[in-house]
Each structure stands twice: as structure tokens, then as C-alpha cells.
Amino acid sequence: VVLLRVIKFNLIDKTNIDEPLKKSVRKAPPFKVMLEIGKSSSPYLKKILSFMKLDIDLYFEFGFTYPDQTAIIYGFINFLVYNIGDFLEMYFKKYTGKYSITPNFKNRAMNYKLKSEISGRLIYLILPILKILIIYSKHIKLYKKEGGDLNAGTSNRGFNENYNG
């Protein structure tokens, strides 16, 4: 197609019809960068959790072939559930947990039902979330600026060449 004898373009380029479209691959930041972001934003995550309310209702029935295995796992699950409950009480503004863990010593079984509800006021969450996003964008910009290495320290070249060390 030619417009005004100046602009020329092809509607269909026959040379590229058989080639598949290339997708742009976006690399995720390395684990080290994500760990730094997590460390920097942890006070704000704790603040977000301190404004939230959590309700958990858990029903869990299980059984294994051998009753002794069921008993051991029952004790371990009770240990985990109630310790995690204490941990959640420490971080959430209000936490209520109802647990029903039932071992079935006669039959093999695995039945569970989990109902959880997290609630909070949005107005209290806006500022900490914005701060976390700012921290994330700063770390990603620094990662891209440094060429992919956040912890590239100095080479100490002058220190070693002058025999000061």
C-alpha cells in the first residue's frame, strides 16, 4: 500500500508468516534480591498484620493403616496447630481459632475442612502497602542499575597494590 507516494508499507510480510511469534521473557529477580526486599519490608508487613483480624475454623479427620502411626501423627499435628495458633495471636490484631482434630484409629481416612476469614480496614493498609511497593521498586531499580549484582563491593585494588595489607 502506498499513501501519497511517500509512505510505503506492506500489509502482509510473506517472509515472516511461517516463523512463530517470539515472546519476551521477563526474568525474575534472583532470590538474593527478593530476600533483601523481604528484609526491608518486614516492619511494614508486621504493621499490616497488626491491623488485620483472622478467624480460622479447622476440621481434620485422619487415619492410617496402623493405629500407632495415627497416634504419633495426631500428637505432632496437635503440636503444630496450637503452636502456630500462638504465633498467629502474636501478629494479628484479633485471632480466633477453632480446631477439631480427630484421629481415626480403625480406618484409613483423610477428611478436612478449613474455613478462614481475614478482615481489616482498607484505610489502615494503604500506607504500609505503598511503602512496600516503594521498597520493591527501589531494590529492582538498583538491581537493574548494578547490572544484576546488588552486592558487588569494591575490589580493594589500591589497598593490595600498595602493599598495605
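Please refer to the structure placed before this passage.
Thresholds applied
- Residues numbered from 1 in each chain as written.
- Predicted model: local features only at pLDDT ≥ 70, side-chain atom pairs only at ≥ 80, totals over all residues.
- Heavy atoms only, no water.
- Core = buried A, V, L, I, M, F, W, Y, C linked by side-chain atoms within 4.5 Å.
- Buried < 20%, exposed > 50% of the residue type's maximum accessible area, 1.4 Å probe, protein only.
- Helix = DSSP H or I, 4+ residues; strand = E, 2+ residues; numbered from the N terminus.
- Contact = heavy atoms within 4.5 Å.
- Pairing = 2+ DSSP bridges.
- Axes fitted to C-alpha atoms, helices over the stretch in contact; angles between N-to-C directions.
- Patch = residues over 30% accessible without salt bridge, like charges linked within 9 Å, V, L, I, M, F, W, Y side chains within 5 Å.
- Areas by Shrake-Rupley, 256 points an atom, 1.4 Å probe, with all protein chains shown as cover.
- Salt bridge = Lys/Arg side-chain N within 4 Å of Asp/Glu carboxyl O.
- Lys, Arg positive; Asp, Glu negative; His and termini not counted.
- Charge placed at Lys NZ, Arg CZ, Asp CG, Glu CD.
- Expected span 1.5 Å × (residues − 1).
- Bend = angle between axes of the 7 residues up to and from the residue.
- Right-handed = clockwise from strand over helix to strand, strands pointing away.

**What to know about the nonpolar core**
For step 1, the next point in the chain: Judged by nonpolar contacts, I48, M52, L54, I56, L88, F92, Y95, L125 and I132 together constitute the single largest core of nine residues.
For step 2, the next point in the chain: Contributing elements (two or more residues each) for this core: β3 (53-63) and α3 (122-145).
For step 3, the next point in the chain: The residues touching M52, leaving out its near neighbours within four places in the chain, are F92, K93, K94, I118, S119, G120 and L125.
For step 4, the next point in the chain: Within the second largest apolar cluster, six residues are counted, among which are L58, F60, I77 and V81.

**Notes on the sheet that holds strand β5 (residues 109-119)**
For step 1, the next point in the chain: Spatially, three strands are ordered β4-β3-β5 in an open sheet, and the strand pairing comes out mixed. Each of the sheet's edge strands pairs with one partner strand only, and the pair in question is β4 (94-103) and β5. Taking each pair of neighbouring strands and ignoring which way they run, the sheet shows an average axis angle of 5 degrees.
For step 2, the next point in the chain: Sheet topology note: the β3/β5 ladder contains 11 bridges and is antiparallel. Of the residues in β5, the one forming a bridge with L54 is I118.
For step 3, the next point in the chain: Those strands touched by helix α2 (residues 67-91) are β3 and β4, and its axis lies near 175 degrees from that of β4.

**Re a positive patch on the surface**
For step 1, the next point in the chain: On the surface, a cluster of positive charge is contributed by K53, K93, K94 and R121.
For step 2, the next point in the chain: The residue K53 is located in strand β3 in this model.

**Looking at helix α1 (residues 31-50)**
For step 1, the next point in the chain: Given a rise of 1.5 Å per residue, 20 residues ought to cover 28 Å, and the 27 Å separating the end C-alpha atoms of α1 matches this to within 8%.
For step 2, the next point in the chain: If you look at α1, its biggest bend is around 55 degrees, right at S41, and the proline P43 turns up within four residues after that.
For step 3, the next point in the chain: Restricting attention to buried positions, one finds in α1 the residues V33, I37, S41 and I48.
For step 4, the next point in the chain: Buried positions along α1 lie against α3.

**Quick word on the environment of P67**
For step 1, the next point in the chain: Of note, P67 is situated in helix α2.
For step 2, the next point in the chain: Considered as a pair, P67 and R108 are 41 residues apart in the sequence and their alpha carbons are 9.6 Å apart.

**Concerning the pairing of β3**
For step 1, the next point in the chain: Relative to β4, β3 runs parallel, the two sharing 10 bridges. Across the sheet, L54 pairs through a bridge with Y95, a residue of β4.
For step 2, the next point in the chain: Assessed by its sense of winding, the connection that carries the chain from β3 through α2 to β4 is right-handed.

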